[in-house]
Amino acid sequence: LLDASASMARGDALDGRLHRMASTAALLIEALHGFEHKFVYNMSMHSGGTADAPLLEAGRPPAEEGERARVVGALFAHAWSAPSGDNSLQAVRRAVEAAGRAGAGEGI
């Protein structure tokens, strides 16, 4: 679950917060590449406009470098166009419930 709120975009010039969030997403995607047989994950983001904007579907990780770059680009695009507001708690609630439905259990 990634924060793609308008405040992330606005504050990025001050402290690089959006770039760090994008770097974290890229790091996770790259680290899990090649381990699709072992890990199933999804990625979504939240902002003032939504509590759940999917980036990656579970079981469908980006296979090619261009697809991985698209995920990072989508994070930036969403943050720069997001309305102000806060859906953080709703987003975390949805993510935890989704992990529970997926049977993640101790694997989280």
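Each remark here, short or long, concerns the structure printed above.
These remarks concern the structure in this document.

Procedures and definitions
Residues numbered from 1 in each chain as written. Predicted model: local features only at pLDDT ≥ 70, side-chain atom pairs only at ≥ 80, totals over all residues. Heavy atoms only, no water. Helix = DSSP H or I, 4+ residues; strand = E, 2+ residues; numbered from the N terminus. Rg over C-alpha atoms; globule rule 2.2 N^0.38 Å. Buried < 20%, exposed > 50% of the residue type's maximum accessible area, 1.4 Å probe, protein only. Contact = heavy atoms within 4.5 Å. Areas by Shrake-Rupley, 256 points an atom, 1.4 Å probe, with all protein chains shown as cover. Lys, Arg positive; Asp, Glu negative; His and termini not counted. Charge placed at Lys NZ, Arg CZ, Asp CG, Glu CD. Pairing = 2+ DSSP bridges. Axes fitted to C-alpha atoms, helices over the stretch in contact; angles between N-to-C directions. Parallel < 35°, antiparallel > 145°, perpendicular 65-115°, else oblique. Left-handed = near helix turned anticlockwise from the far one by under 90°. Nonpolar A, V, L, I, M, F, W, Y, C, P; charged D, E, K, R; others polar.

**Some points on the overall build of the chain**
Part 1 of the reasoning: A tally of helices and strands in the chain yields four helices and three strands.
Part 2 of the reasoning: Along the chain, helices and strands appear, N-terminal first, in the series β-α-α-β-β-α-α.
Part 3 of the reasoning: Whereas a compact globule of 108 residues would reach a radius of gyration of roughly 13 Å, the chain reaches 14 Å, a difference of no more than 12%.
Part 4 of the reasoning: If one aligns the C-alpha atoms of the chain with their principal axes, the spans along those axes are about 40 × 30 × 20 Å.
Part 5 of the reasoning: Going through the 108 residues of the chain one by one, you find that 34% of them count as buried.
Part 6 of the reasoning: Intrachain contacts of the chain at a sequence separation of at least 6 include 60% that bridge at least 24 residues.
Part 7 of the reasoning: Summing over all exposed atoms, the chain offers an accessible surface of approximately 6700 Å²; the carbon and sulfur share of this is 56%.
Part 8 of the reasoning: Of the side-chain charges in the chain, 10 are positive and 13 negative, and the distance between the mean point of each set is 4 Å.

**Focus: the sheet that holds strand β1 (residues 2-3)**
Part 1 of the reasoning: Judged by pairing direction, the sheet is mixed, and its three strands sit side by side in the order β1-β2-β3 without closing on themselves. A single partner strand is all that each edge strand has here, and the edge strands are β1 and β3 (53-56).

**Thoughts on the packing of helix α2 (residues 17-32) against helix α3 (residues 65-81)**
Part 1 of the reasoning: Contact geometry of α2 with α3 gives a least axis separation of 10 Å together with a crossing angle of 155°. With respect to α3, the element α2 is oriented roughly antiparallel. For the pair α2 and α3, the sense of crossing is right-handed. For the pair α2 and α3, the contacting residues are Leu18, His19, Met21, Ala22, Ala26, Ile29 and Glu30 in the first and Arg68, Val71, Val72, Leu75, Phe76, Ala79 and Trp80 in the second.
Part 2 of the reasoning: Broken down by class, the residue content of the contact of α2 with α3 amounts to eleven nonpolar, one polar and two charged.

**Quick notes on the pairing of β3**
Part 1 of the reasoning: Where strand β2 (residues 43-46) lies against β3, three bridges are found, and the strand directions are antiparallel. Bridging from a neighbouring strand, serine 44 pairs with proline 54 of β3.
Part 2 of the reasoning: Two successive antiparallel strands, β2 and β3, enclose a turn made up of six residues.

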